[in-house]
Amino acid sequence: TDFAGVGGLGYFVAPGEYALPQVLEHVKIEPEQLCARDGAYELRITEPMEEVAYIDQLELLAIDHPAGWRVFPDERLAVTGSPPTHELLVVDKPIFPKRALDPQGRDCTEQLARVDRIYAYQPQLDRRFFGFSQAHTLELDFGDQLADVAANQRLFLFISGYLEYPYSQTAYAASQAHVGWEPIRIERQTPDGRWQTVVADAGAFGGMARTMTVDMTGLLVGPSSRLRLTSNLEIYYDQLFLARDAGRDQVQLQALPLV
């Protein structure tokens, strides 16, 4: 995957507005992706694009947890919404949508069941501006799986996929056509059928092959369990689920410094 994309310096958002660099980022490495060689772990960080990258500190964290559980850092590209906390979120029982519909109303539930680069749908691109698309909506129905979620239970939305970054010059050109960043907006359907915004700016992926997290604590209490995710960015959804934070009582962290 790529990283450090959330730390861009002087990234143009709109005339007179620049994105605030996020200087800290965690990249998750799955267990099967890293093997010891001659008793050591060796990683290479490359810069395949003509960009300048400043790296101040690197650290590898080993995370031990019960088999069958999953752990994720609280990470995302923050736009105007809350920045990521970088805390470790522990998942023991993911809650997958019972039904998912793409912008054309076609069923895409199966495409969201696993991380496999088979995406829910292809957004209709805005060919004028790289990284932008026509506004597109993913609709999710979780059925009765959220009936026992209490208002004080920590609940998070986990979304895997990738973002095709608009460049600063692209964002500038788009602003001249009155087109701006529209990060993921999350709506919930009320019992009377209306759609109510519960997260106005959930951010976006920090690049390619990433998992972003959104705090949904206290936002999904009640009988309604249908959500909509809307954006005008070139976003591809690979996997999506809700989960309560299981806590870190059965999780151990060990820092592996550079040698």
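Residues numbered from 1 in each chain as written. Predicted model: local features only at pLDDT ≥ 70, side-chain atom pairs only at ≥ 80, totals over all residues. Heavy atoms only, no water.

(A) Quick look at the overall build of the chain. When its secondary structure is counted, the chain shows 1 helix and 14 strands. Relative to its length of 259 residues, the chain is compact, with a C-alpha radius of gyration of 19 Å against a globular reference of 18 Å. Out of the 259 residues belonging to the chain, those deemed buried represent 39%. Put simply, of all contacts in the chain between residues at least 6 apart along the chain, 75% involve residues at least 24 apart. Taken as a whole, the chain presents about 14900 Å² of accessible surface, with 50% of it coming from carbon and sulfur. One finds the centroid of the 22 positive side-chain charges in the chain at a distance of 6 Å from the centroid of its 36 negative side-chain charges. (Helix = DSSP H or I, 4+ residues; strand = E, 2+ residues; numbered from the N terminus. Rg over C-alpha atoms; globule rule 2.2 N^0.38 Å. Buried < 20%, exposed > 50% of the residue type's maximum accessible area, 1.4 Å probe, protein only. Contact = heavy atoms within 4.5 Å. Areas by Shrake-Rupley, 256 points an atom, 1.4 Å probe, with all protein chains shown as cover. Lys, Arg positive; Asp, Glu negative; His and termini not counted. Charge placed at Lys NZ, Arg CZ, Asp CG, Glu CD.)

(B) Examining the environment of Thr1 more closely. The topology assignment puts Thr1 in the segment before β1 (12–14). If we skip the residues at most four places from it in the chain, Thr1 touches Val27, Met208, Ala209 and Arg210. Polar contacts involving the side chain of Thr1 include one to the side chain of Asp2, which spans 3.5 Å. (Polar contact = N/O pair within 3.5 Å; in protein donor to acceptor, adjacent residues only side chain to side chain.)

(C) Summary view of the pairing of strand β12 (residues 226–233). Among the 8 residues of β12, 6 are classified as buried, and the element is accordingly described as predominantly covered. Bridge analysis of strand β7 (residues 132–141) against β12 gives 7 bridges, and the strand direction is antiparallel. Each residue of the ladder has a partner; that of Thr137, found in β12, is Thr230. Strand direction decides the pairing type here: strand β9 (residues 185–189) and β12, joined by 4 bridges, are antiparallel. Looking at the pairing, Arg185 lines up with Thr230 of β12. (Pairing = 2+ DSSP bridges.)

(D) Structural detail: the layout of surface pockets. Looking at the second largest pocket, its volume works out to about 200 Å³. As for the second largest pocket, its lining consists of 14 residues, and the residues nearest its centre are Leu20, Gln22, Ala78, Val79 and Pro83. By residue class, the composition of the lining of the second largest pocket is 9 nonpolar, 4 polar and 1 charged. (1 Å grid on protein atoms, 1.4 Å probe; cavity = no way out; pocket = protein on both sides within 12 Å on 5 of 7 lines; lining within 4 Å. Points joined across faces, edges and corners; volume = space filled by probe spheres on them. Nonpolar A, V, L, I, M, F, W, Y, C, P; charged D, E, K, R; others polar.)

(E) Representation of the confidence of the model for the chain in the model. This prediction gives the chain a mean pLDDT of 92; 100% of its residues lie at or above 70. The lowest-confidence element of the chain is β1, averaging 80 in pLDDT; the highest-confidence one is strand β6 (residues 99–101), averaging 98. (pLDDT = per-residue confidence, 0-100.)

(F) Molecular detail of empty space enclosed by the protein. Scanning all chains against the criterion turns up 1 cavity of 30 Å³ or more. Estimated volume of the largest cavity: approximately 40 Å³.

(G) Region of interest: the sheet that holds strand β8 (residues 155–163). Spatially, β11-β8-β13 is the arrangement adopted by the 3 strands of the open sheet, whose pairing is antiparallel. The sheet is open, and its two borders are formed by β11 (210–215) and β13 (235–244), each paired with just one other strand. Sheet twist, expressed as the average angle between the axes of neighbouring strands with direction ignored, equals 25°. In this sheet, β11 lies alongside β8 in antiparallel orientation, the contact comprising 6 bridges. Along β11, the bridge assignment pairs Phe158 with Thr213. (Axes fitted to C-alpha atoms, helices over the stretch in contact; angles between N-to-C directions.)

(H) View of the sheet that holds β7. In spatial order, the strands read β6-β7-β12-β9-β10; together these 5 strands make up an open sheet with antiparallel pairing. Strands at the two margins of the open sheet, each flanked by one partner only, are β6 and β10 (195–199). Across the sheet, the mean angle separating the axes of adjacent strands is 25° when strand polarity is ignored. When β6 meets β7, the two strands line up antiparallel, connected through 3 bridges. Looking at the pairing, Ala100 lines up with Leu140 of β7.

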